[in-house]
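So the chains spell out like this:
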Amino acid sequence: MSSALPSSVTVRVPAKINLELVVGPLRPDGYHDLSTVFHAVSVFDEVTVTPAPAWSVQVSGPYADLVPVGDDNLVVRAGRLLAERCGAAEAGPALVHIAKEIPVAGGMAGGSADAAATLVALDHLWGVGGRRDLWDECAAELGSDVNFALVGGTAIGSGRGEQIAPVLGRGRYHWVLVPSAQGLSTPTVFAELDRMRGAEATTVAQPRPGESMMQALRSGEVEALAAALRNDLQEPACVLQPRLREVVAAGQEFGALGAVVSGSGPTVAFLVDGPEGALDLAVALTASGVADEVVRAVGPVHGAHVVTSATP
Ligand code: C5P
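Note that this is a predicted model, so its numbers are computed, not measured.

Participant: Explain the overall build of the protein chain residue by residue, including any values.
Facilitator: When you go through the protein chain residue by residue, the secondary structure sums to 10 helices and 12 strands. In summary, the protein chain has a C-alpha radius of gyration of 19 Å against a globular reference of 20 Å for 312 residues, a match within 12%. C-alpha atoms of the protein chain, sized along the principal axes, occupy 60 × 45 × 35 Å. The long-range share in the protein chain, meaning contacts at least 24 apart out of those at least 6 apart in sequence, stands at 78%.

As structure tokens, then:
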């Protein structure tokens with residue numbers, strides 16, 4: 001390896017919540033057309049890549065036991081895909097270490113975030129040259145939420161979620177997130193929505209961003225955003241995990257301005273008016289026994305970015 005290249009690279013990547021998720025028709029390829037507003041929040045995984053004789057994954061942190069570390073882990077698929085496409089002489093196997101803080105199977109795109117971070121980290125490790133076009137191409141093949149994790153901020157996602165257009169908004173928002181001890185499988189939640197829609201599952205209208213959501217983001221007004229939160233997967237997620245209804249109701253009762261299940265759930269995101277409101281709500285939710293765990297976060301934050309690049 002050339003001495004100019006780093007010996008290891010660490011990339012920080014945020015979780016996402018969905019401020020709006022409008023699910024359109026079920027497509028012949030099994031995906032749904034959707035219009036979503038992704039919002040990156042300050043809950044981060046850190047992914048470190050180091051050259052190794054073979055691809056392998058290590059995970060640390062509170063959710064480590066829940067992450068599969070075999071070859072089917074999305075980070076290994078990301079590494080192999082970038083190696084195949086980038087053409088760099090240095091593109092060999094790596095040990096990928098994930099310091100995991102993003103809840104697993106929580107609707108916060110933790111696995112997608114790790115895949116995005118791996119693309120950015122390996123690009124630097126191998127000296128590919130910051131090929132954003134290549135990251136985007138690989139990201140779209142890896143999953144519907146990977147492209148957004150590269151960008152972060154607040155952005156509209158369309159297609160199956162992989163087409164990203166940043167939203168210029170002025171707001172900085174405070175959130176209280178309630179993860180669930182039990183995850184929900186994304187395909188199962190989409191399938192439940194299709195079941196609820198019945199014959200209309202393939203014929204519902206093409207999804208579009210909501211006008212009130214766009215106005216709320218432009219104005220930066222927190223009450224307007226609270227009123228515009230929407231997720232078509234919320235009802236199916238609640239059918240599959242009825243306890244979510246209690247969590248949503250309790251947060252509203254304890255003073256949250258707005259509440260929405262994130263993505264396919266089960267994490268519930270509560271919008272509050274500032275850091276003190278966040279602390280008050282977090283205390284009320286845990287003290288009442290409704291939530292075992294709460295996470296305070298702000299958004300928007302930046303997407304995947306290098307934080308450490310060690311030299312040999
Ligand atoms: O692309 P990703 O791996 O995140 O998608 C996981 C699953 O979620 C898909 O296999 C599909 O069942 C469902 N999905 C969907 N429509 C989307 C995105 C995901 O039906 N737009």
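Back to the text.
Participant: Kindly report on empty space enclosed by the protein, identifying the contributing residues and their values.
Facilitator: Applying the stated criterion across every chain, the model contains one cavity of 30 Å³ or more. Roughly 30 Å³ of volume is contained in the largest cavity. Around the largest cavity sit Pro14, Ala15, Lys16, Met108, Ala109, Asp145, Phe148 and Ala149, which together line it. The set of elements that each furnish at least two residues to the lining of the largest cavity consists of strand 1 (8–26) and helix 4 (146–151). When residues of the lining of the largest cavity are assigned to their parent elements, the largest contribution, three residues, is made by strand 1. Each residue belonging to the lining of the largest cavity can be placed in one class, and the counts come to six nonpolar, no polar and two charged.

Participant: Talk me through the site of the ligand; I want residue IDs and the actual numbers.
Facilitator: The immediate surroundings of the ligand are formed by Gly30, Tyr31, His32, Leu34, Gly143, Ser144, Arg160, Thr186, Pro187 and Phe190. Within the contact set of the ligand, an oxygen atom lies 2.6 Å away from a side-chain nitrogen or oxygen of Ser144. At a separation of 2.9 Å, a nitrogen atom of the ligand approaches a polar backbone atom of Arg160. Taken atom by atom, the bulk of the ligand overlaps the largest pocket. Of all elements in the fold, only strand 2 (32–51) and helix 5 (186–197) reach the threshold of two or more residues within the shell around the ligand. Here the shell around the ligand gets three residues from one element, more than from any other, and that element is helix 5. When its residues are assigned to classes, the shell around the ligand shows four nonpolar, five polar and one charged.

Participant: Outline helix 6 (residues 211–219), listing residues and values.
Facilitator: Buried within helix 6 we find Met213, Met214, Ala216 and Leu217. The arc that holds every buried residue of helix 6, seen down its axis, measures 160°, which confines them to one face. Looking at the buried residues of helix 6, the elements they touch are strand 1, strand 2, strand 5 (154–158), strand 7 (173–178) and helix 7 (222–228). Of the residues one or two after helix 6, Gly220 is the one with positive phi, at around 75°.

The rules we used
Residues numbered from 1 in each chain as written. Predicted model: local features only at pLDDT ≥ 70, side-chain atom pairs only at ≥ 80, totals over all residues. Heavy atoms only, no water. Helix = DSSP H or I, 4+ residues; strand = E, 2+ residues; numbered from the N terminus. Rg over C-alpha atoms; globule rule 2.2 N^0.38 Å. Contact = heavy atoms within 4.5 Å. 1 Å grid on protein atoms, 1.4 Å probe; cavity = no way out; pocket = protein on both sides within 12 Å on 5 of 7 lines; lining within 4 Å. Points joined across faces, edges and corners; volume = space filled by probe spheres on them. Nonpolar A, V, L, I, M, F, W, Y, C, P; charged D, E, K, R; others polar. Near = heavy atom within 4 Å. Polar contact = N/O pair within 3.5 Å; in protein donor to acceptor, adjacent residues only side chain to side chain. Sits in = over half its atoms within 2 Å of the grid points. Buried < 20%, exposed > 50% of the residue type's maximum accessible area, 1.4 Å probe, protein only. Arc of directions from axis to C-beta.

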